[in-house]
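Architecture and fold: a report
This is what each chain is made of:
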Amino acid sequence: GGMRQRVMIAMATACGPDLLIADEPTTALDVTVQAQILEIMRDLKNVLKTAIVLVSHDMGVIAGIADRVQVMRDGDIVEAGGIDDIFYRPRHDYTKMLLDAMPRVDNPDRKGHATPSPTAKSEVLLNVDDLKVYFPVRGRGLFAKTKSLRAVDGVSFTLHQGETLGIVGESGCGKSTLARTVLTLLPKTEGTVVWMTRDLSQISESDQRLLRKELQIVFQDPLASLDPRMTIGESISEPLRMLEPDLTREQIKSRVREIMQQVGLEAGWINRYPHEFSGGQNQRVGIARAMVVRPKLVICDEAVSALDVSIQAQIIDLIVKLQTDSGMSMIFISHDLSIVRQISHRVMVLYLGRVVEFADRETIYKDARHPYTKALISAVPIP
């Protein structure tokens, strides 16, 4: 993603433009690549004297590059001024809300924002030991040999009941592969995944299907993970029809309406289709679909990465509330350490398929040991 974005910047700047319009140039990129791309844009501004119009929902990105800021809402500019005026002396309530909604890696426990509930050392639900996932990659040429891409290379961790484990790292470090392998959506090469004393590699496909009631996932792209031909009511009820076949039609409808209310979706929307909703609303549908079977473990794979900060804050609050109410365990995957620190009890840092640091949410920020962890922290834009 970061490399493709560099190609687009090169195309846009090759002819030495006087004006560059950058429309969300770093959305959904990991923080280290985002920092590199913003540095390229600063060089354009300072060396080539290019004027830049930067469109972004990330106030940290705006703070790092802009001279003047205009805040838009519903098609109107509600506030405009110099960078210092907007950040130190905001006047409009919407500007204040945007600044407050930004997750802060330096201060995750802010008043009015969700924080993980304290958890005692309860029983271990998930035990992953020396997990390895290799993919065969054939080299170029007629007699080229096949090499192994080590997507996950010896990862071990445990997860307790009611605990949130944050997994953070750059794109391509193996986060999503690890999540899918834990859920047996991808085959492992070596190692063990034990769920409540059961080795998932040793059970039959029919038993794995029954376990889907206990293990669920929320994907990164909400629109791509929903069937466009199904109404949201059908999408949310599908896990119930497949995994709890004894329920009557009325019981299913009641459960769907109940979870829709919990995630902030109006019951009257039950017959609408995904294309009729915003990204944040579709992400709520994805969360409802995962939560409707009342699982014991939910994996959120970059569930808020592409959402704007105000919707992102709402979804994070929602996930924490659902966890507090249900007592489920959670694995929260993101490239943004500020979000991971806000929502997690413990944090695991992945780099090239390996765990380079593993600590609680306070230690990972205040006493980071690995240079890669320090680089992730320093790359987070703080407004």
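Summarised in this report is the structure supplied together with it. (Residues numbered from 1 in each chain as written. Predicted model: local features only at pLDDT ≥ 70, side-chain atom pairs only at ≥ 80, totals over all residues. Heavy atoms only, no water.)

Looking at the packing of helix α8 (residues 232-243) against helix α10 (residues 279-291)
- Orientation of α8 relative to α10, taken along the N-to-C sense of each, is 25°, at an axis distance of 7 Å. Classified by the angle between their axes, α8 and α10 sit roughly parallel to one another. Every pair of crossing elements has a handedness; the one defined by α8 and α10 is right-handed. Within the contact between the two elements, α8 uses I232, S235, I236, E238 and P239 and α10 uses V285, A288 and R289.
- Considering only residue class, the contact of α8 with α10 consists of five nonpolar, one polar and two charged. (Axes fitted to C-alpha atoms, helices over the stretch in contact; angles between N-to-C directions. Helix = DSSP H or I, 4+ residues; strand = E, 2+ residues; numbered from the N terminus. Parallel < 35°, antiparallel > 145°, perpendicular 65-115°, else oblique. Left-handed = near helix turned anticlockwise from the far one by under 90°. Contact = heavy atoms within 4.5 Å. Nonpolar A, V, L, I, M, F, W, Y, C, P; charged D, E, K, R; others polar.)

Overview of the packing of aromatic side chains
- Scanning the model with the defined rule gives two aromatic pairs in all.
- Ring plane angle 40° and centroid distance 4.5 Å describe the contact between Y351 and Y372, whose orientation is recorded as tilted. Here Y351, found in strand β13 (residues 346-351), pairs with Y372, found in helix α14 (residues 371-379); they are 21 residues apart in sequence, far enough to count as distant.
- We classify Y351 as partly exposed; its relative accessible area is 34%.
- Judged by relative accessible area, which is 9%, Y372 ranks as buried. (Phe/Tyr/Trp six-rings, centres within 6.5 Å; stacked < 30°, edge-to-face > 60°. Buried < 20%, exposed > 50% of the residue type's maximum accessible area, 1.4 Å probe, protein only.)

Structural notes on the packing of helix α2 (residues 31-47) against α14
- Packing of α2 against α14 brings their axes to within 8 Å, and their N-to-C directions diverge by 55°. As judged from the angle between their axes, α2 and α14 are oblique. Crossing of α2 over α14 shows left-handed handedness. Contacts from V31, T32 and A35 in α2 reach A375, L376 and A379 in α14.
- By residue class, the composition of the contact of α2 with α14 is five nonpolar, one polar and no charged.

A few points about the sheet that holds strand β10 (residues 215-218)
- Reading across from one edge, β10-β11-β12-β7-β13-β14 is the order of the six strands in this open sheet, with mixed pairing throughout. The open sheet terminates on both sides in strands that have one partner only, identified here as β10 and β14 (354-360). In this sheet, adjacent strand axes meet at a mean angle of 15° when their direction is disregarded.
- Relative to β14, β13 runs antiparallel, the two being bridged by six bridges. If you follow L350 over to β14, its bridge partner there is V355.
- Lying on the sheet, helix α11 (residues 309-326) is in contact with β7 (164-168), β11 (297-301) and β12 (329-334); it crosses β12 at an angle near 160°. (Pairing = 2+ DSSP bridges.)

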